[in-house]
Amino acid sequence: LMVGLEGGWFVGNYWKLSLGGGVTFTNNPGYSGVPGTVDESLSLEENLGDIPNYRAVADAYTFGYNAVLGLDRYYNVKGVKNLMLYAGARVGYAYAVNEQYREMEWLTKSSAETFNLRAALTAGVDYFVLPNMYVGISVDPITYTYGYVAYKPQAGMGNLAADNHNVSFLAAPTIRLGFKF
């Protein structure tokens, strides 16, 4: 589940320019390893029922953001007063960084950075339940995304990097609640 914020401005009677995005931050505190009661000198059968050793979990945090710019053309639906269909295009950018401090294992931190560039066609419908409030659904019939990720396993080592190209169909189904000002 993702929650975002989008604002739009009608630049004509039926054309809407929109800007949206979101931010995320996650902090995962680590903990030290916990020794179990397993006696390494005994066989597996003799250790049955003992508590296993638990490895340390690294401190980690993740920060990311995304931004989307779009242009939509709205169409009135004859016979249904409060219903409007729209079709448009979106371009977007996303960035994220993840770092882990692995004190117990390597006394260093590892980090990964990624970014995505996205272009999509979009289609949707908005229904005004009140004069200034609507509910809507939308989907991107076709989407192209270019992604790049660089991972640095530990200090002093070079980056491991890769890029990818994705084409998606019927991507990003969205349920919206909106207000008109």
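Computed from a predicted structure; not experimentally measured.

Calculation rules
Per chain, residues are indexed from 1 in the order of the written sequence. Only residues with pLDDT of at least 70 get local features here, since the model is predicted, and only at 80 or more are side-chain atom pairs given and counted; chain-wide, interface and lining totals rely on the full set of residues. Calculated side-chain values reflect all of the structure's heavy atoms, with hydrogen atoms and water omitted. We count a stretch as a helix when DSSP gives it H or I for four or more residues in a row; a strand needs E for two or more, and each element gets its number in order from the N terminus. Burial classes: relative accessible area under 20% of the type maximum marks a residue as buried, over 50% as exposed, and values in between as partly exposed (1.4 Å probe, protein chains only). Here a residue-residue contact requires only that any non-hydrogen atoms of the pair lie within 4.5 Å. Each accessible area is a Shrake-Rupley estimate made with a 1.4 Å probe; only the visible protein chains count as cover when residues are assessed. Charge convention: Lys and Arg are scored as positive, Asp and Glu as negative, and His as well as the terminal groups of each chain are ignored. Each charge is placed at NZ for Lys, CZ for Arg, CG for Asp and CD for Glu. Stacked, tilted and edge-to-face pairs are distinguished by plane angle, under 30 degrees for stacked and over 60 for edge-to-face with tilted covering the rest, among Phe, Tyr and Trp rings (Trp via its six-membered ring) whose centres lie within 6.5 Å. Put simply, a patch holds well-exposed residues, over 30% relative accessible area, that have no salt bridge, with like charges counted together within 9 Å and Val, Leu, Ile, Met, Phe, Trp or Tyr side chains within 5 Å. The working definition used for a salt bridge is a side-chain nitrogen of Lys or Arg within 4 Å of a carboxyl oxygen of Asp or Glu. pLDDT expresses, on a scale from 0 to 100, how confident the predictor is about each individual residue.

Draft legend 1. Structural detail: the overall build of the protein. When helices and strands are counted, the protein shows zero helices and seven strands. Starting at the N terminus, the α and β elements of the protein follow one another as β-β-β-β-β-β-β. Each of the three principal axes of the protein carries a C-alpha extent, and together these read 80 × 40 × 30 Å. Per-residue burial for the protein yields a buried fraction of 21% across its 181 residues. Long-range contacts, defined here as pairs at least 24 residues apart, represent 58% of the contacts in the protein between residues at least 6 apart. For the protein, the accessible area works out to roughly 12,600 Å², and carbon and sulfur atoms hold 63% of it. For the protein, the separation between the mean place of its 12 positive charges and that of its 15 negative charges on side chains is 26 Å.

Draft legend 2. Structural context of the packing of aromatic side chains. Enumeration over the complete set of coordinates arrives at ten aromatic pairs. In this structure an aromatic cluster arises from ring pairing among Phe63, Tyr65, Tyr93, Tyr95, Phe115, Tyr146 and Tyr148.

Draft legend 3. Structural view of a negative patch on the surface. A cluster of acidic residues, Asp39, Glu40, Glu45, Glu46 and Asp50, forms a negative patch at the surface. When you line up the elements, Glu40 lands in the loop between strand E2 (15-28) and strand E3 (59-76).

Draft legend 4. Structural view of unusual backbone geometry. One non-glycine residue, Leu170, adopts positive backbone phi at about 55 degrees. Tracing the backbone through its elements, the reader meets Leu170 in strand E7 (residues 160-179). Residue classification places Leu170 among the exposed positions, given a relative accessible area of 62%. Unlike most non-glycine residues, Ala172 shows phi in positive territory, near 55 degrees. Relative to the helices and strands, Ala172 is located in strand E7. Under the relative-accessibility criterion, Ala172 is labelled partly exposed at 36%.

Draft legend 5. Quick look at the environment of Met133. With respect to the helices and strands, Met133 occurs in strand E6 (residues 133-152). On the basis of relative accessibility, which here comes to 23%, the residue Met133 falls in the partly exposed class. Taking C-alpha positions, Met133 is 5.7 Å from Gly178, a pair spaced 45 residues apart along the chain. Ignoring sequence-local partners within four residues, the contact set of Met133 consists of Tyr127, Phe128, Leu177, Gly178 and Phe179.

Draft legend 6. Just the confidence of the model for the protein, in detail. In the predicted model, the protein carries a mean pLDDT of 86, and 91% of its residues have values of at least 70. The lowest-confidence element of the protein is strand E1 (residues 5-10), averaging 89 in pLDDT; the highest-confidence one is E6, averaging 94.

Draft legend 7. Inspection of the pattern of salt bridges at higher detail. Scanning the model with the defined rule gives four salt bridges in all. Residue Glu6 is joined to Arg176 by a salt bridge in which the shortest nitrogen-to-oxygen separation is 3.6 Å. Note that Glu6 is positioned in strand E1 and Arg176 in strand E7, a separation of 170 residues in sequence. Residue classification places Glu6 among the partly exposed residues on the basis of a relative accessible area of 39%. Salt-bridge contacts for Arg118 lead to Asp140; the nearest nitrogen and oxygen are separated by 2.5 Å. With Arg118 in strand E5 (residues 108-130) and Asp140 in strand E6, this residue pair connects regions lying 22 residues apart in the sequence. Look at Arg118 and you get partly exposed, because its relative accessible area is 26%.

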